[in-house]
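Structural characterization, general
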Amino acid sequence: MKRLAQEHVVVTRSEDPENIYCYSPGLIVLPNGRYVATMDFSGPGAKKFPTAVKFRWYRDFWYTGHVFTSDDKGETWQQRQALPMLLMRPFLAGGVLYAIGVSPDLGIAKSLDNGETWSEVTHFSQGEVWHQAPSNVWYKGDYIYLVMEHETDFKNDWPMYGIAPVLMRGKVTDDLTKKENWTFASELPYYKHVNEDDVKELGMPFLPGQDAMGWLETNVVQLLNERDYFYDPTGHTFHLFLRTHTAGHTWPGAVLKVEEKEDGSMETGFVYAPSGKRMIYIPIPGGGESKFHILYDEKTKTYWLLTNQFVDSYVDRSRITKNDQKGYGRSRLVLYYSVNCFDWLYAGMVAAGKTPLESRSYASMAFDGDDLLVLSRSGDEQILNGHDNNLITFHRVKNFRDLIDL
C-alpha cells in the first residue's frame, strides 16, 4: 500500500529506550514559518533530568517536557528548553505562544520569542490530577477553546472512568497564564453518568478482568455543516469527540456537547439523536484503542482525523509476542476526512513501522499551506514495545487536499 509520508525526520530519540520513552508530540506552525514541537521524555529513567517530575499515576515513573524548533520546514530541529510538564500542547493566542499540560496539576507556560525561551509553569490547580494527550484547539471570534481532562475519582493507576473532559475558553488578547482569564465548562465524569449495562450487549468491556470503562483524549469542534442535524446557527454549541476505553474494542468513540449560556458559563451535556435517544458511543476510526487528532480545514470545509488502523484487534492478547503486535495495532498511522465528524472517509496511510512492533501513533497535526504536517510518537528496531516509544518523527503529507474525493 502506498504511504503518504513514509519518509521522516527524527526530531529526537531516547538514549536509553528501555527506561526513557518519547511521548506526547505536539506541533504548531508560527506566523513567521517556524515549526514548534513539544514532547516529553517519560519513564523510570527520566528521573535523571533536572526538570523531572514524579508521575502520580505510577510508582516509579518520571517525566519532563521539551521544546524543539525548526526554521527549515522540519528538515532539522533544535532543542530549546525543558519544562516540568508532560502532555504539552502548543497554541497561539494574541501573538503569544503557550504550552498547556500536566504537572500533574493543570499547568501552563508562555514564550515571547517564538519558543526559544519559556516562562515558569503556572499552575491552575493544587494537589489535583489532570490529563489530556495533545489534541486540537478551536478558535471562534476572539476566543480560543481547548479541552483538558480533570480526574475526579482517582483510585487506581489508569482511572479513565473518573475523567471529566473540561472545555476551557480564553480570550486571545488576555494573559492566558492567569486562571481568572479562563472559563471552565461544567464537569461530566464518566462513572457518574454512564450505565455500563446499557452497552453490555455490545460486548463492552470485552476482555475479562478489565471492567474499568471510561473516556479520554478529547477533541473539540463546532459542527458547521448547515444541513446537518447537530448544526447550531447561534454558534454557541461545541461538540467533544473522545477516545473510549472499552477494554478491547477498537471502533467506539464517544461524543458530548458543551453549550455556552447567556451568562457566559458553559454547560457540558449529552448529545441526543433526532429520535430523542441519548448518544454516547459512536463509531470513530481507532476510537477505542488509540488517540485521534482532529483538524478543520476552512478552505475545503472538511474535518481531518489522524489515528491508528488496527489489523487484528480480536487476537488473543496473551498470545502476542513482543515482535508480533498486530493486535496492538499502533504501527499503522492513517488519515481520514469528513464533512460532519460522523462519517469518516479513508484518505490514506500516512506511515507505518517496518514491523508491527515499530509504532507510529499518538500523532499531532498542523496545516502549512497545501501540506499537512504530522508529528508522531514512533519507534525503530530499538523500541521497547508498541506503547513505550524511542523516537519522535516528523512527516509531511504534500497537497493533502488532493486526497478528497467527494
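Now for a description of the structure that goes with this document. Owing to the predicted nature of the structure, the values given are computational and were not obtained by experimental measurement.

The number of helices and strands found in the protein is one helix and 28 strands. Relative to a compact globule of 406 residues, whose C-alpha radius of gyration would be 22 Å, the protein shows 20 Å and is just as compact. Seen through its principal axes, the protein has C-alpha atoms that stretch 55 × 55 × 45 Å. Evaluated residue by residue, the protein yields a buried proportion of 59% over its 406 residues. At a minimum sequence separation of 6, the contacts of the protein that also span at least 24 residues come to 60%. Accessible surface, the protein: about 16,800 Å² in total, of which carbon and sulfur atoms supply 48%. Here the protein holds 42 positive side-chain charges and 53 negative ones, and the gap between their average locations is 2 Å.

With that settled, the discussion passes to the nonpolar core. Counting residues in hydrophobic clusters, the biggest one holds 47 residues, and the most contacted among them are W138, L167, W215, V221, F241, I294 and Y303. Dropping the residues within four chain positions of it, V221 is found in contact with N136, W138, F238, H239, F241, I294, Y303 and C341.

Read across the open sheet, the four strands follow the order β7-β8-β9-β10; overall the sheet is antiparallel. The sheet is open, and its two borders are formed by β7 (86-93) and β10 (122-123), each paired with just one other strand. Across two bridges, strand β9 (residues 106-111) lies against β10 in antiparallel orientation. When the bridges of β10 are listed, I108 appears paired with T122.

Moving on to the pairing of strand β17 (residues 237-245). By the criterion of burial, β17 is predominantly enclosed, with nine of the nine residues buried. Neither face of β17 is left uncovered, since the one carrying T237, H239, F241, R243 and H245 and the one carrying F238, L240, L242 and T244 both have all their residues buried. Bridge analysis of strand β16 (residues 214-221) against β17 gives six bridges, and the strand direction is antiparallel. In the sheet register, G214 faces β17, and the bridge partner there is H245.

In terms of burial, strand β25 (residues 345-352) is largely enclosed, as six of its eight residues are buried. A loop of six residues connects strand β24 (residues 332-338) with β25, the two strands running antiparallel in sequence, and C341 in this loop sits at a positive phi of about 75°.

Here the structure, examined in full by the defined rule, presents 20 aromatic pairs. Here the aromatic rings of F91 and Y98 are separated by 5.2 Å at their centres, their planes lie at 15°, and the arrangement is stacked. Note on accessibility: F91 and Y98 belong to one class, buried. Cluster of aromatic residues (ring-pair linked, three or more members): W304, Y337, F367 and F400. Sitting over the ring of Y143, R169 keeps its end group 5.8 Å from the ring centre. The ring of F270 carries R278 above its face, with NZ or CZ at 4.3 Å from the centroid.

This part is about the side chain of Q222. Tracing the chain through its elements places Q222 in the loop between β16 and β17. Of note is the side chain of Q222, whose polar atom sits 3.0 Å from the side chain of W138. Here the side chain of Q222 touches T237 through a polar contact of 3.3 Å, landing on its backbone oxygen. Beyond its immediate sequence surroundings of up to four residues, Q222 is in contact with W138, K140, G235, H236, T237, F238 and Y303.

Another aspect to go through is unusual backbone geometry. The amide bond that connects S103 to the next residue, P104, takes the cis arrangement and shows omega of -15°. At E217, a residue that is not glycine, the phi angle is positive and equals roughly 55°. Among the secondary structure elements, E217 is positioned in strand β16. Non-glycine residue C341 carries a positive phi angle of around 75°. Within the secondary structure, C341 is located in the loop between β24 and β25.

Here we have four strands laid out as an open sheet, ordered β22-β23-β24-β25, and antiparallel in their pairing. Looking at the sheet topology across the chains shown, the edges are occupied by β22 (293-297) and β25. Strand-to-strand twist of the sheet, defined as the mean angle between neighbouring strand axes without regard to direction, takes the value 20°. Looking at chain direction, β22 and strand β23 (residues 302-308) are connected through five bridges and run antiparallel. Paired with I294 across the strands is L305, a residue of β23.

Rules behind the numbers
- Residues numbered from 1 in each chain as written.
- Predicted model: local features only at pLDDT ≥ 70, side-chain atom pairs only at ≥ 80, totals over all residues.
- Heavy atoms only, no water.
- Helix = DSSP H or I, 4+ residues; strand = E, 2+ residues; numbered from the N terminus.
- Rg over C-alpha atoms; globule rule 2.2 N^0.38 Å.
- Buried < 20%, exposed > 50% of the residue type's maximum accessible area, 1.4 Å probe, protein only.
- Contact = heavy atoms within 4.5 Å.
- Areas by Shrake-Rupley, 256 points an atom, 1.4 Å probe, with all protein chains shown as cover.
- Lys, Arg positive; Asp, Glu negative; His and termini not counted.
- Charge placed at Lys NZ, Arg CZ, Asp CG, Glu CD.
- Core = buried A, V, L, I, M, F, W, Y, C linked by side-chain atoms within 4.5 Å.
- Pairing = 2+ DSSP bridges.
- Phe/Tyr/Trp six-rings, centres within 6.5 Å; stacked < 30°, edge-to-face > 60°.
- Lys NZ or Arg CZ within 6 Å of the ring centre and 35° of its normal.
- Polar contact = N/O pair within 3.5 Å; in protein donor to acceptor, adjacent residues only side chain to side chain.
- Axes fitted to C-alpha atoms, helices over the stretch in contact; angles between N-to-C directions.

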